[in-house]
Amino acid sequence: MLSCRDVTEIATEFTEGKLAFRRRMALQLHLAMCGGCRRFVDQLRTTAVLLRQIPAPEGTPASQQDLAGKYANWVRAAGGKAASAGQQEEGQ
């Protein structure tokens with residue numbers, strides 16, 4: 001019998017239909033008896049459906065690369081001060 005931890009490790013494969021028959025049957029048996037894992041798998045399915053509804057980002061790959069390059073230049077120009085400032089805020 002699968003444990004709840006086992007279920008969390010294979011739930012994504014289950015929702016994507018990628019589990020072998022035996023493993024899928026073992027998971028379904030566990031879900032029949034465990035309400036917490038049923039809720040977890042339902043939430044995982046719902047999340048996947050909602051994420052597929054998000055529109056693709058606008059812009060071409062070239063413009064995305066340009067933006068990434070500008071960000072990298074900004075970080076270099078800041079000399080890492082932006083990253084260290086964020087770490088100081090977390091430490092407060």
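Residues numbered from 1 in each chain as written. Predicted model: local features only at pLDDT ≥ 70, side-chain atom pairs only at ≥ 80, totals over all residues. Heavy atoms only, no water.

### Points about a nonpolar patch on the surface
- On the surface, a cluster of nonpolar side chains totalling about 370 Å² of accessible area is made up of Met 1, Leu 29 and Met 33.
- Secondary-structure assignment places Met 1 in the segment before helix H1 (4–15). (Patch = residues over 30% accessible without salt bridge, like charges linked within 9 Å, V, L, I, M, F, W, Y side chains within 5 Å. Areas by Shrake-Rupley, 256 points an atom, 1.4 Å probe, with all protein chains shown as cover. Salt bridge = Lys/Arg side-chain N within 4 Å of Asp/Glu carboxyl O. Helix = DSSP H or I, 4+ residues; strand = E, 2+ residues; numbered from the N terminus.)

### A closer look at the packing of H1 against helix H2 (residues 21–33)
- It is the contact of H1 with H2, at a shortest axis distance of 11 Å, that shows an interaxial angle of 120 degrees. By the angle between their directions, the pair H1 and H2 is classed as oblique. The two elements H1 and H2 cross, and the hand of that crossing is left-handed. Here Cys 4, Val 7, Ile 10 and Phe 14 of H1 lie close against H2, whose contacting residues are Arg 23, Arg 24, Leu 27, Gln 28, His 30 and Leu 31.
- Taken together, the residues that form the contact of H1 with H2 break down as 6 nonpolar, 2 polar and 2 charged. (Axes fitted to C-alpha atoms, helices over the stretch in contact; angles between N-to-C directions. Parallel < 35°, antiparallel > 145°, perpendicular 65-115°, else oblique. Left-handed = near helix turned anticlockwise from the far one by under 90°. Contact = heavy atoms within 4.5 Å. Nonpolar A, V, L, I, M, F, W, Y, C, P; charged D, E, K, R; others polar.)

### Quick word on the side chain of His 30
- Its location among the elements puts His 30 in helix H2.
- Its relative accessible area of 5% is what places His 30 among the buried residues. (Buried < 20%, exposed > 50% of the residue type's maximum accessible area, 1.4 Å probe, protein only.)

### A short note on the pattern of salt bridges
- Scanning all chains against the criterion turns up 3 salt bridges.
- One salt bridge connects Glu 16 with Lys 18, and the closest N-O pair in it is separated by 3.3 Å.

### Quick word on the packing of H2 against helix H3 (residues 35–53)
- At a minimum axis distance of 6 Å, the contact between H2 and H3 shows a crossing angle of 115 degrees. Helix-helix and strand crossings are classified by hand; for H2 and H3 the assignment is left-handed. Touching His 30, Leu 31, Ala 32 and Met 33 of H2 are Gly 35, Cys 37, Arg 38 and Val 41, all from H3.
- Taken together, the residues that form the contact of H2 with H3 break down as 5 nonpolar, 2 polar and 1 charged.

### Section: the confidence of the model for the chain
- Per-residue pLDDT for the chain has a mean of 85; in total, 86% of the residues score no lower than 70.
- Ranking the elements of the chain by mean pLDDT puts helix H5 (residues 81–91) last, at 48, and H2 first, at 97.
- A low-confidence stretch, residues 84–92 stays under pLDDT 50, and its non-local contacts, those more than four residues away or across chains, total 0 contacts. (pLDDT = per-residue confidence, 0-100.)

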